[in-house]
Amino acid sequence: MNEAMIKAIENLKEALAQSEELKAYNAAKAAYDADETLNKQINEYNVQATILETEGKKPEAERDTELVESISARLRDLYDSISESKALADMREAEAALSEIVSAINDAVRFTIEPEAANCTHDCSTCGGCH
């Protein structure tokens with residue numbers, strides 16, 4: 001890697017660090033991580049899902065149907081509660097915005113390396129060949 005590329009990467013890192021999208025992502029992640037209720041619900045959901053999966057792997061004759069019904073109901077309740085979380089919604093929105101930037105950066109690099117990819121329609125009938 002030459003000095004110009006290193007400098008360009010440093011400039012990109014600085015621009016990304018100053019972007020509103022990364023700032024929003026960091027704020028949303030901090031709020032998500034700090035939401036104790038949400039994190040407890042997510043942890044419980046994961047534990048309950050694991051128990052349900054374990055119970056579901058048992059032969060049907062050995063399966064505790066009351067336990068399965070009880071866990072399934074609890075999972076639905078937890079899922080609904082988790083889905084309604086503002087911290088989770090904000091985190092997903094911030095992740096999506098940041099993902100667009102990362103995708104654009106990746107595309108710019110890829111199209112520089114593989115210029116024909118910029119015109120790819122993913123419909124091989126429209127193409128002279130990329131392989």
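If you're wondering where the values come from, they're calculated on a predicted model, not measured in any experiment. Once a new chain begins, its residue numbering starts again from 1 and follows that chain's sequence as written. Residues qualify for local features only when their pLDDT is at least 70, as the model is predicted, and side-chain atom pairs are given and counted only at 80 or more; totals for whole chains, interfaces and linings, by contrast, use all residues. As a rule here, side-chain values cover all heavy atoms of the structure and leave hydrogens and water aside.

As a packed pair, helix α2 (residues 20-34) and helix α3 (residues 36-57) sit with axes 5 Å apart at the nearest point and diverge in direction by 70°. Our classification of the angle between α2 and α3 gives roughly perpendicular. Listed contacts from α3 to Y32, D33 and A34 of α2 are E36, L38, N39 and I42. By the convention adopted, Pro, Cys, Tyr, Trp, Phe, Met, Ile, Leu, Val and Ala count as nonpolar, Lys, Arg, Asp and Glu as charged, and the other residues, Gly among them, as polar. Residues that form the contact of α2 with α3 fall into these classes: four nonpolar, one polar and two charged. Angles here are taken between N-to-C directions and fall from 0 to 180 degrees, while the axes themselves are lines fitted to C-alpha atoms, restricted in helices to the stretch in contact. Put simply, DSSP marks the helices as runs of H or I at least four residues long and the strands as runs of E at least two long, and each gets a number from the N terminus on. Note that the term roughly parallel is reserved for angles under 35 degrees, roughly antiparallel for angles over 145, roughly perpendicular for angles of 65 to 115, and oblique for everything else. Residue contacts are defined here by distance: any two heavy atoms, one from each residue, within 4.5 Å place the two residues in contact.

On to helix α5 (residues 86-113), then. Between the first and last residue of a helix there are one fewer steps than residues, each counted as 1.5 Å, and that sum is the expected span. With 28 residues, α5 extends 41 Å between its outermost C-alpha atoms, agreeing within 8% with the 40 Å of an ideal straight helix rising 1.5 Å per residue. Buried positions along α5 lie against α1 (3-18), α2, α3 and α4 (65-83). Capping the start of α5, S85 holds a side-chain oxygen 3.3 Å from the backbone nitrogen of A87, two or three residues further along. Polar contact is defined as a pair of N or O atoms within 3.5 Å, subject to the rule that within protein one atom must be able to donate a hydrogen and the other to accept it, and that residues adjacent in sequence are counted only when both atoms are side-chain atoms.

This part covers the confidence of the model for the chain. Summarising the model, the chain shows a mean pLDDT of 92, and 91% of its residues fall at 70 or more. The pLDDT value tells you how sure the predictor is about a given residue, anywhere from 0 up to 100. At the level of individual helices and strands, the chain shows its lowest average pLDDT in α5, which scores 94, and its highest in α2, which scores 97.

This brings us to the packing of α2 against α5. The axes of two packed helices give the description: the angle between them and the distance between them. It is the contact of α2 with α5, at a shortest axis distance of 8 Å, that shows an interaxial angle of 150°. What the angle tells us is that α2 and α5 run roughly antiparallel. In this structure, the crossing between α2 and α5 has a hand that is left-handed. Touching E21, L22, A24, Y25, A28, K29, A31 and Y32 of α2 are A87, L88, D90, M91, A94, E95, A97, L98 and I101, all from α5. Here the contact of α2 with α5 is composed, by residue class, of 13 nonpolar, no polar and four charged. Crossing handedness follows the turn of the near helix against the far one: under a right angle anticlockwise gives a left-handed crossing, and clockwise gives a right-handed one.

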